[in-house]
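Below, each chain spelled out in residue letters.
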Amino acid sequence: MTTPFNLKWGILATGGISHKFTKDILAPPSARNVADVSHTLVAVASSSSIDKAHAFIKDVEPELKTAQFQTGPVKPYGSYADLLKDKEVQIVYIGSPHSDHYLTALAALKAGKHVLCEKAFTLNAAQTEHLCKFAKSQKLFLMEAQWTRFFPNILQLQSLINSPNAPFGHIYRAFADFSIHVPANAQHRLYDPKQGGGALLDLGVYPILWMFILFYRHPDNALTPPTVTASVVNTPVTGVDEQDIVVLKWDKLGMQTTCSTSLVGRTEGSALIVYGEKGNILVPPPLSRPSSYTVHMHGEKPVKHELDIPGQGMHWEADFSARSIAKGELENAIMPHEESVQIMKVMDEVRKIGGVHYGELEDVVA
Ligand SMILES: NC(=O)C1=CN([C@@H]2O[C@H](COP(=O)(O)OP(=O)(O)OC[C@H]3O[C@@H](n4cnc5c(N)ncnc54)[C@H](OP(=O)(O)O)[C@@H]3O)[C@@H](O)[C@H]2O)C=CC1
Ligand SMILES: O=C1OC[C@@H](O)[C@H](O)[C@H]1O
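Quick caveat: nothing in here was measured; it's all calculated off a predicted structure.

K.L.:
I'd like a rundown of the overall build of the protein chain, residues and numbers included.
P.N.:
Summing up its helical and strand segments, the protein chain has ten helices and 14 strands in all. Since a compact globule built from 366 residues should have a radius of gyration of about 21 Å, the 20 Å found for the protein chain is in line with a globular shape. Projecting the C-alpha coordinates of the protein chain onto the three principal axes gives extents of approximately 60 × 55 × 40 Å. Looking at the protein chain as a whole, 54% of its 366 residues are labelled buried. Considering only residue pairs separated by 6 or more positions, the protein chain has 71% of its internal contacts joining residues 24 or more positions apart. Put simply, the protein chain shows about 15000 Å² of open surface, and 55% of that area lies on carbon and sulfur atoms.

K.L.:
So what about the domain arrangement of the protein chain? Which residues, and what values?
P.N.:
Splitting the protein chain by domain gives domain 1 (5-148 + 314-334) and domain 2 (152-308 + 343-356). Counting from both sides, the interface comprises 19 residues of domain 1 and, opposite them, 24 residues of domain 2. Carbon and sulfur atoms supply 62% of the area that domain 1 and domain 2 bury against each other, a total of about 1800 Å² over both sides. Glu129 is the salt-bridge partner of Lys345, the closest N and O atoms lying 3.8 Å from each other. At the boundary of domain 1 and domain 2, one finds eleven residue pairs in polar contact (both at pLDDT 80 or more).

K.L.:
Any chance you could break down the site of ligand 2 for me, citing the residues and the numbers?
P.N.:
Contacts to ligand 2 come from Lys119, Phe178, Ile180, Arg189, Asp202, Leu203 and Tyr206. Interatomic distance of 2.7 Å between a side-chain N/O atom of Lys119 and an oxygen atom of ligand 2. At a separation of 2.7 Å, an oxygen atom of ligand 2 approaches a polar side-chain atom of Tyr206. When ligand 2 sits alone it has 270 Å² of accessible area, and the protein chains cover 67% of it. Sorting elements by how many residues they give to the shell around ligand 2 places helix 8 (residues 199-216) first, with three residues. For the shell around ligand 2, the residue count by class is four nonpolar, no polar and three charged.

K.L.:
I'd like to hear about the environment of Ala326, residue by residue, with values.
P.N.:
Structurally, Ala326 is set in helix 9 (residues 315-327). For the pair Ala326 and Asn6, spaced 320 residues apart in sequence, the C-alpha separation works out to 8.7 Å.

K.L.:
Pulling in residues and values, what's your account of the site of ligand 1?
P.N.:
Close contacts around ligand 1 come from 23 residues, with Thr14, Ser47, Ser48, Tyr80 and His98 the closest. In this structure, an oxygen atom belonging to ligand 1 sits 2.7 Å away from a side-chain N or O atom of Tyr80. Within the side chain of Trp147, a nitrogen or oxygen atom sits 3.1 Å from a nitrogen atom of ligand 1. For ligand 1, whose free accessible area comes to 890 Å², the fraction covered by protein is 75%. The set of elements that each furnish at least two residues to the shell around ligand 1 consists of helix 1 (16-26), helix 5 (98-110) and helix 8. When the residues that make up the shell around ligand 1 are grouped by side-chain class, the tally is seven nonpolar, eleven polar and five charged.

K.L.:
Could you give an account of the sheet that holds strand 6 (residues 142-145), naming the residues involved and the relevant values?
P.N.:
Pairing within the open sheet is parallel, and its six strands lie in the order 3-2-1-4-5-6. Edge positions in the sheet fall to strand 3 (75-77) and strand 6, since each has one partner strand and no second. The mean inter-strand angle of the sheet, taken between neighbouring strand axes irrespective of direction, is 30°. When strand 1 (residues 5-12) meets strand 4 (residues 91-94), the two strands line up parallel, connected through four bridges.

K.L.:
Explain the packing of helix 7 (residues 152-161) against helix 8 to me, using residue names and the numbers behind them.
P.N.:
As a packed pair, helix 7 and helix 8 sit with axes 8 Å apart at the nearest point and diverge in direction by 45°. Classified by the angle between their axes, helix 7 and helix 8 sit oblique to one another. Contact with helix 7, carried on its side by Ile154, Leu157, Gln158 and Ile161, involves Trp210, Ile213, Leu214 and Phe215 of helix 8 and no other residues of that element. Residue classes in the contact of helix 7 with helix 8 are distributed as seven nonpolar, one polar and no charged.

Conventions and cut-offs
- Residues numbered from 1 in each chain as written.
- Chains lettered and ligands numbered in written order.
- Predicted model: local features only at pLDDT ≥ 70, side-chain atom pairs only at ≥ 80, totals over all residues.
- Heavy atoms only, no water.
- Helix = DSSP H or I, 4+ residues; strand = E, 2+ residues; numbered from the N terminus.
- Rg over C-alpha atoms; globule rule 2.2 N^0.38 Å.
- Buried < 20%, exposed > 50% of the residue type's maximum accessible area, 1.4 Å probe, protein only.
- Contact = heavy atoms within 4.5 Å.
- Areas by Shrake-Rupley, 256 points an atom, 1.4 Å probe, with all protein chains shown as cover.
- Domains from an automatic or database assignment.
- Buried area = accessible area lost by both parts, 1.4 Å probe.
- Salt bridge = Lys/Arg side-chain N within 4 Å of Asp/Glu carboxyl O.
- Polar contact = N/O pair within 3.5 Å; in protein donor to acceptor, adjacent residues only side chain to side chain.
- Near = heavy atom within 4 Å.
- Nonpolar A, V, L, I, M, F, W, Y, C, P; charged D, E, K, R; others polar.
- Pairing = 2+ DSSP bridges.
- Axes fitted to C-alpha atoms, helices over the stretch in contact; angles between N-to-C directions.
- Parallel < 35°, antiparallel > 145°, perpendicular 65-115°, else oblique.

Structure representation (structure tokens):
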């Protein structure tokens with residue numbers, strides 16, 4: 001058996017998603033039948049206090065104890081800048097709020113680190129474009145952490161719908177919704193414009209991503225970006241978007257898709273429905289973590305394809321990051337830079353229509 005390529009991680013931010021991601025990368029790769037890559041947690045940094053970094057490491061102690069590729073103790077840091085100086089760290093995972101992604105990713109790239117950065121990548125397309133260009137100039141790997149894309153069942157569905165022998169016939173339309181219920185609260189990151197709050201960047205990015213997964217690479221679409229129309233309801237509490245309905249029109253495919261998202265009234269029933277000439281596809285909520293999809297060909301019994309997700313399911317994106325880095329790739333073909341930019345451009349359009357602003361950080365492109 002060959003030795004797996006091992007990737008050494010630094011975690012920037014000690015919030016909710018960083019915990020989930022870290023626990024996933026510490027799980028034994030064999031539990032998901034992976035043998036070519038592995039992960040080691042080297043360091044954790046908090047921007048607000050070293051105590052939070054200590055507490056984070058304590059919280060992941062059970063996973064550290066059973067991790068197969070852990071070589072030593074995890075180093076806590078009280079600032080992101082300190083972690084970025086650690087020579088042992090090869091790649092950073094950025095789990096801070098949307099408004100922080102751009103400057104933190106830029107600082108990490110300047111420090112010579114590969115970067116996997118949470119969605120939404122940045123506050124706008126200009127920032128994403130600049131990061132991608134800069135990463136390439138530094139010969140470093142950079143990817144938006146669009147974890148859903150890397151689920152094995154979603155890769156399977158993507159190739160099914162994009163294959164010349166797709167069983168669905170002409171796709172007429174598709175509808176996707178990702179909504180949760182967070183009571184209005186000006187202090188919550190989802191309602192705070194300064195943290196890039198609002199439904200769009202946090203949740204709306206998923207229905208848009210799904211339409212890109214299914215249709216952007218369709219052979220008849222030939223990577224043509226959709227045209228965008230939208231309707232936005234802004235919350236009176238802070239002015240960020242509470243609800244967005246985004247229509248993406250795919251001219252070359254002769255159809256349009258509806259993406260909706262909201263901070264109030266969570267998704268129930270199907271989160272995604274693709275309506276085809278010969279059959280439909282249904283995906284249950286939440287769209288971020290699809291545990292199944294059902295193919296319902298007209299006149300036949302529906303067939304449900306279920307996925308057993310070990311942990312949260314964030315290790316797949318980490319595995320593919322490691323595979324790319326092992327091969328010297330600067331981006332991964334499953335979530336390439338160009339598609340992150342196109343998705344950010346869609347969201348720029350929506351924000352323009354809705355008059356949504358995040359404050360001074362959205363103007364930073366350096
Ligand atoms: N892939 C997924 O399923 C999910 C992805 N996300 C994404 O992860 C990111 C973070 O979300 P989540 O973990 O829920 O958020 P949290 O609020 O739980 O954590 C964010 C962390 O970012 C750090 N931080 C850095 N700068 C700031 C700042 N100015 N204000 C507040 N916190 C700051 C803080 O850690 P410290 O003080 O230690 O630096 C904080 O704990 C977002 O991009 C979100 O879209 C979120 C949930 C699910
Ligand atoms: O990515 C996400 O998925 C789950 C949501 O609850 C969370 O707010 C969002 O960031």
